[in-house]
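# Reading the structure
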Amino acid sequence: MKNKALFLDRDGVINVDKKYVYKIKDFEFCEGIFELCEFFSQKGFLIFVITNQSGIARGYYTEEDFEILSAFVLDEFAKRKTKISKIYHCPHLEGCECRKPKPGMLLKAKDEFDINMQNSIFIGDNLSDMEAGLSAGVKTLVLIDPSLKQSKDFKSFANLTELLNFFKSKEKL
């Protein structure tokens, strides 16, 4: 039986987007992210982070800086008894297959973890996230952005708490 996944963009969904965050002291978790992930974990979803990290290619920080911060993030979720299965990142600028809006990171997770994309959800804060999810065949796409309206391809919510309340009202996930 294939797995269902909750895919999360990092900057703007897991943490407040302060542009090129790579230091623990600058990393601020978004309100509601731990509750959201706990809810989906209890529903049997594997949780993944799908993040563009062009700051590495730009020379703002290193792969090692990214790995240190990622270990911190995984540890903070583990402290709350929620497992992030894997963090996928694209350290490149334009022109590669893994950088969103291309679906490379999502498809890699699909193959590595035997994921049924039709039973999966991708939450992002950018239209490039929605494009990547659509291209990868993720059935439920969610945009966290109070200024954008829903489209035929994705649902839009002002924040994670509003999103969690929506999913809690659903009978089945």
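Residues numbered from 1 in each chain as written. Predicted model: local features only at pLDDT ≥ 70, side-chain atom pairs only at ≥ 80, totals over all residues. Heavy atoms only, no water.

### Some points on helix H6 (residues 160–168)
- Every buried residue of H6 is listed here: Leu160, Leu163, Leu164 and Phe167. Taken down its axis, H6 places every buried residue within 100 degrees of arc, on the same side.
- At its buried positions, H6 is contacted by helix H1 (33–42), strand E4 (121–124), strand E5 (140–144) and strand E6 (155–157).
- With a side-chain oxygen lying 3.1 Å from the backbone nitrogen of Thr161, the N-terminal cap of H6 falls on Asn159. (Buried < 20%, exposed > 50% of the residue type's maximum accessible area, 1.4 Å probe, protein only. Helix = DSSP H or I, 4+ residues; strand = E, 2+ residues; numbered from the N terminus. Arc of directions from axis to C-beta. Contact = heavy atoms within 4.5 Å. Polar contact = N/O pair within 3.5 Å; in protein donor to acceptor, adjacent residues only side chain to side chain.)

### Quick look at the pairing of strand E1 (residues 4–8)
- Within E1, 4 of the 5 residues are buried, which leaves the element mostly enclosed by the surrounding structure.
- Two elements, E1 and strand E2 (residues 45–52), share 5 bridges in a ladder whose sense is parallel. Each residue of the ladder has a partner; that of Leu6, found in E2, is Ile47.
- The parallel pair E1 and E2 is bridged by H1, and the resulting crossover is right-handed.
- The pairing of E1 with E4 spans 3 bridges and is classified as parallel. Pairing of Leu8 across the sheet is with Ile123, part of E4. (Pairing = 2+ DSSP bridges. Right-handed = clockwise from strand over helix to strand, strands pointing away.)

### Description of the sheet that holds E2
- As summarised here, the arrangement of the 6 strands in space is E3-E2-E1-E4-E5-E6, forming an open sheet in which the pairing is parallel. The open sheet has two edge strands with one neighbour each: strand E3 (86–90) and E6. Ignoring strand direction, the axes of neighbouring strands in this sheet form an average angle of 20 degrees.
- As judged from the 5 bridges shared by E2 and E3, these two strands associate in the parallel manner. When the bridges of E3 are listed, Val49 appears paired with Ile87. (Axes fitted to C-alpha atoms, helices over the stretch in contact; angles between N-to-C directions.)

### Quick word on the nonpolar core
- Within the largest apolar cluster, 35 residues are counted, with the highest numbers of intra-cluster contacts made by Leu8, Phe29, Ile33, Leu36, Phe77, Ile123 and Leu163.
- Secondary structure elements with two or more residues in this core: E1, H1, E2, helix H3 (63–79), E4, E5 and H6.
- In terms of residue count, H1 provides more of this core than any other element does, 6 residues in total.
- With residues up to four places along the chain from it excluded, the contact list for Ile123 reads Leu6, Phe7, Leu8, Asp9, Val13, Leu36, Val142, Ile144 and Leu163.
- Residues Phe7, Cys96, Ala132 and Phe154 belong to the second largest nonpolar core, which totals 21 residues. (Core = buried A, V, L, I, M, F, W, Y, C linked by side-chain atoms within 4.5 Å.)

### With respect to the pattern of salt bridges
- Inspection of the entire model under this criterion finds 14 salt bridges.
- For Lys79, the salt bridge identified is with Asp75, shortest N-O distance 3.9 Å. Placement of the pair is Lys79 and Asp75 together in helix H3, with a separation of 4 residues, close to one helical turn.
- Classification of Lys79 by relative accessible area gives exposed; the value is 53%.
- A network of salt bridges, in which partner residues are shared, links Asp75, Glu76, Lys79 and Arg80. (Salt bridge = Lys/Arg side-chain N within 4 Å of Asp/Glu carboxyl O.)

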